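# Structural description and commentary
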Amino acid sequence: MLGLSGIGVLLAYTLSIGAALLCVVYGVKNWNVPADDVVSREVAEEKTWEQHEPDNDGEEL
Amino acid sequence: MNNLLLIIIVTLVYLMITAYLGYLGYRHTKSETDFLLAGRSVHPVIMAVSYGSTFISTSAIVGFGGAAALYGMGVLWLTFLNILMGIFIAFVIFGKRTRRMGHRLDAHTFPELIGKRFESPLLQTASGLMIFVAMPLYAGSVIIGGAQFIAQKLSISYETALFFFVAIVAIYVIMGGLKGVLYTDAFQGSIMFVGMIILLVSTYWMLGGVIDSHQSLTSLAPEGVKVFGAKGFRGWTAMPEPGSVFSWQLISSIVLGVGIGVLAQPQLAVRFMTVKSDRELNRGTLVGGVFILMMTGVAFTVGALTNVYFFNNPSFGKISFLAANKVVDNIIPLYIHSAMPGWFGALFMITLLAAAMSTLSSQFHTMGSAFGRDFLDHGMKVKTKNPVFTIKMAMGVGIILSTLLAYFLPRFFEQGSAIIAIGTSLFMGLCAATFLPLYFGGLFTKRITRAAALAGFFTGLGAALFWMLFVYSKIAVPLGLCNIIFGVPTISAKIQFVDPIVAALPVSIIVTFIVTMTTRPPSEDHIRKCFGDN
């Protein structure tokens, strides 16, 4: 099938495409998850964390 | 001469664009106090492409593409695992937890994350040192891929290409390595994506379409069996004979070493901590899955199909391995040079430069912080006047070590070895054996103890090193240590082709589990600090 001789290779070929499709479906389904209010909180946490990054230890960003 | 001029112009234009984007990002960082709020408006496609371009390097395209020319399309199992483990499970499951725990513990490097999770400065120190010492093996492999391509493209010696390539990368890395590399990574990722699409479409079109190409490759099997039949080869569109040399090399090293090892890569784990929110990870999953399919899926499919091209081309009339004079890592460069028009060769060189630079910048940055911050500062308590400068110095040493390895590795391995693939698999397997049990346990269970994490780390490290030095023939035989001590090239001829990850990871998992069950659990306060109220 598909010109391939072994079932192992056929599976690898099709499962690779399948795995990418899984990522696409998951991404589309969760494109806006979590909602804006949660994201704002997470970004605020990130800002605090970023201040201790080795490249700019303690500097206010 | 026109070809050379074209390549120089294209390279210079690319470097100028890269430098400009890097400068833009740097300026943006320094002048905006609400950098992160501004960063939130960056399109998630850019975020995911940036991750993918860090993940995919010349190692994947040149090294594993060449391996696919040797072993066949069975290497696509690695594409499957790269997407499933490296994108889906990494982003959705590991990534979110890493992000949250990294923020709660205020950890900024992978050794710092596991050091704080397990309240163990020793773990942070030891893992920092291990990363610094071992990562040049992977970085060196990435450099080989780039240098090999340039040498082929410009018809210059490997050594000259190596110097030229490292010089460009070093300037970029030392100037870059800042926040704002995001834009350059995304630019590079876009180039890589376009380059690989053109490569795939051209190859399939040239060879008569998808099914006819595969059929031609299937029909060519007897030519490959003549050369590799004794090692279990059964054709490029079939898996090798189970239990054969090729089977062990393909499955244990190439597929499992990288396919599992990708989950425990320190330079990728850190990316999850710099992601702004879980939403980005969700969106990134979509882009990442497609990106990895187009990178590795194309490289491995085209790699295998090069056999049809070279065999049917009167200038060669041989399978890829022989057409490239048994230098596996030269198969893809030779194919691009011979089969594709000159302008594509120039574009592809940029594609590889882009892939290498984005990967190498994160590797060198990780090496620098592993030595400067994790080992020296937090571990050995050696305080330097300027910690950022120390990290950059350590990065410089990392670049030198990696370049030396890129110079020596082709001389070290036997002719016909897929050197890039081996070097990459070894490093990833080592990371899997040392980090994966404690990383997984640290993120997902509250029961795992400090003693267990340490025991698992050192057992995994010891088992992997023992296997490499005394069992795994690819390393043990040229190194000769086993011969010196025991008088035999490897301890067991039966298992000499089994990759170190197959032995070391299960041992590490078992030890981690047993020690967890026999030592006192961490305090509830600490667990609450790590996991929050979950």
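Residues numbered from 1 in each chain as written. Chains lettered and ligands numbered in written order. Predicted model: local features only at pLDDT ≥ 70, side-chain atom pairs only at ≥ 80, totals over all residues. Heavy atoms only, no water.

Attention now goes to the overall build of chain B. Scanning chain B from N- to C-terminus turns up 24 helices and zero strands. Computed over its C-alpha atoms, the radius of gyration of chain B comes to 23 Å, within 12% of the 24 Å expected for a compact globule of 534 residues. The dimensions of chain B, computed from C-alpha atoms along their principal axes, are 70 × 60 × 40 Å. Considering chain B as a whole, with its 534 residues, one finds that 63% of them fall into the buried category. If you take every contact in chain B between residues at least 6 apart in sequence, the share linking residues at least 24 apart comes to 81%. Surface summary for chain B: the accessible area is close to 19200 Å², and the carbon and sulfur share equals 69%. For chain B, the separation between the mean place of its 35 positive charges and that of its 20 negative charges on side chains is 2 Å. (Helix = DSSP H or I, 4+ residues; strand = E, 2+ residues; numbered from the N terminus. Rg over C-alpha atoms; globule rule 2.2 N^0.38 Å. Buried < 20%, exposed > 50% of the residue type's maximum accessible area, 1.4 Å probe, protein only. Contact = heavy atoms within 4.5 Å. Areas by Shrake-Rupley, 256 points an atom, 1.4 Å probe, with all protein chains shown as cover. Lys, Arg positive; Asp, Glu negative; His and termini not counted. Charge placed at Lys NZ, Arg CZ, Asp CG, Glu CD.)

Glancing now at the nonpolar core. Taken as a class, soluble globular proteins show a tendency for nonpolar side chains to be buried jointly. With 190 residues, the main nonpolar core has Leu199, Ile336, Phe348, Leu360, Phe364 and Phe435 of chain B as its most contacted residues. Among the elements that take part in this core, helix α14 (residues 278–312) of chain B stands out by supplying 17 residues, more than any other. (Core = buried A, V, L, I, M, F, W, Y, C linked by side-chain atoms within 4.5 Å.)

What follows covers a nonpolar patch on the surface. Residue and element names in this part refer to chain B. Nonpolar side chains collect at one region of the surface, where Phe466, Leu479, Leu481, Ile484, Ile485, Phe486, Val488 and Ile491 lie side by side and expose about 730 Å² of accessible area between them. Residue contributions to the nonpolar patch peak at four residues, all from helix α22 (residues 481–486). The exposure class assigned to isoleucine 491 is partly exposed, which follows from its relative accessible area of 44%. (Patch = residues over 30% accessible without salt bridge, like charges linked within 9 Å, V, L, I, M, F, W, Y side chains within 5 Å. Salt bridge = Lys/Arg side-chain N within 4 Å of Asp/Glu carboxyl O.)

On average, residues of chain A carry a pLDDT of 81, and 84% of them reach 70 or more. Residue range residues 56–61 of chain A is modelled with pLDDT below 50. Its contacts to residues more than four positions away, or to other chains, number 16 contacts. (pLDDT = per-residue confidence, 0-100.)

Moving on, we come to unusual backbone geometry. With an omega dihedral of -5 degrees, the bond running from valine 33 of chain A to proline 34 of chain A counts as a cis peptide bond. Tracing the backbone through its elements, the reader meets proline 34 of chain A in the loop between α1 (7–29) and α2 (36–50). Residues other than glycine seldom take positive phi values, yet asparagine 325 of chain B does so here, at roughly 55 degrees. Looking at where asparagine 325 of chain B falls in the secondary structure, it is placed in the loop between α15 (320–323) and α16 (331–339). A relative accessible area of 55% places asparagine 325 of chain B in the exposed class.

Every contact between the two is made by 45 residues of chain A and, on the other side, 57 residues of chain B. Buried surface at the junction of chain A and chain B, summed over both partners, amounts to about 4500 Å²; 65% is from carbon and sulfur atoms. Inspection of the region where chain A meets chain B yields zero salt bridges. Between chain A and chain B we count 12 residue pairs in polar contact (both at pLDDT 80 or more) in total. In terms of residue count, the dominant contributor to the side of chain A that touches chain B is α1 of chain A (16 residues). Looking at the side of chain A that touches chain B residue by residue, the classes come out as 24 nonpolar, 11 polar and 10 charged. (Buried area = accessible area lost by both parts, 1.4 Å probe. Polar contact = N/O pair within 3.5 Å; in protein donor to acceptor, adjacent residues only side chain to side chain. Nonpolar A, V, L, I, M, F, W, Y, C, P; charged D, E, K, R; others polar.)

With that out of the way, let us pick up the pattern of salt bridges. It is possible for side chains bearing opposite charge to pair when their charged atoms get close. Residues and elements named next belong to chain B. Throughout the structure, instances matching the rule amount to 10 salt bridges over all chains. Residue glutamate 112 is joined to arginine 373 by a salt bridge in which the shortest nitrogen-to-oxygen separation is 3.0 Å. Here glutamate 112 is found in helix α6 (residues 110–117), whereas its partner arginine 373 is found in helix α17 (residues 342–379), with 261 residues between them in sequence. Comparing glutamate 112 with arginine 373, the two get one shared label, buried.

Moving on, we get to the packing of helix α4 (residues 58–71) of chain B against α17 of chain B. Residues and elements named next belong to chain B. At a closest axis distance of 8 Å, the pairing of α4 and α17 adopts a crossing angle of 120 degrees. Taken together, α4 and α17 sit at an angle that is classed as oblique. From α4, Thr58, Ile61 and Val62 reach across to α17, where they touch Phe348, Leu352, Ala355 and Ala356. Of the residues contributing to the contact of α4 with α17, the split by class is six nonpolar, one polar and no charged. (Axes fitted to C-alpha atoms, helices over the stretch in contact; angles between N-to-C directions. Parallel < 35°, antiparallel > 145°, perpendicular 65-115°, else oblique.)

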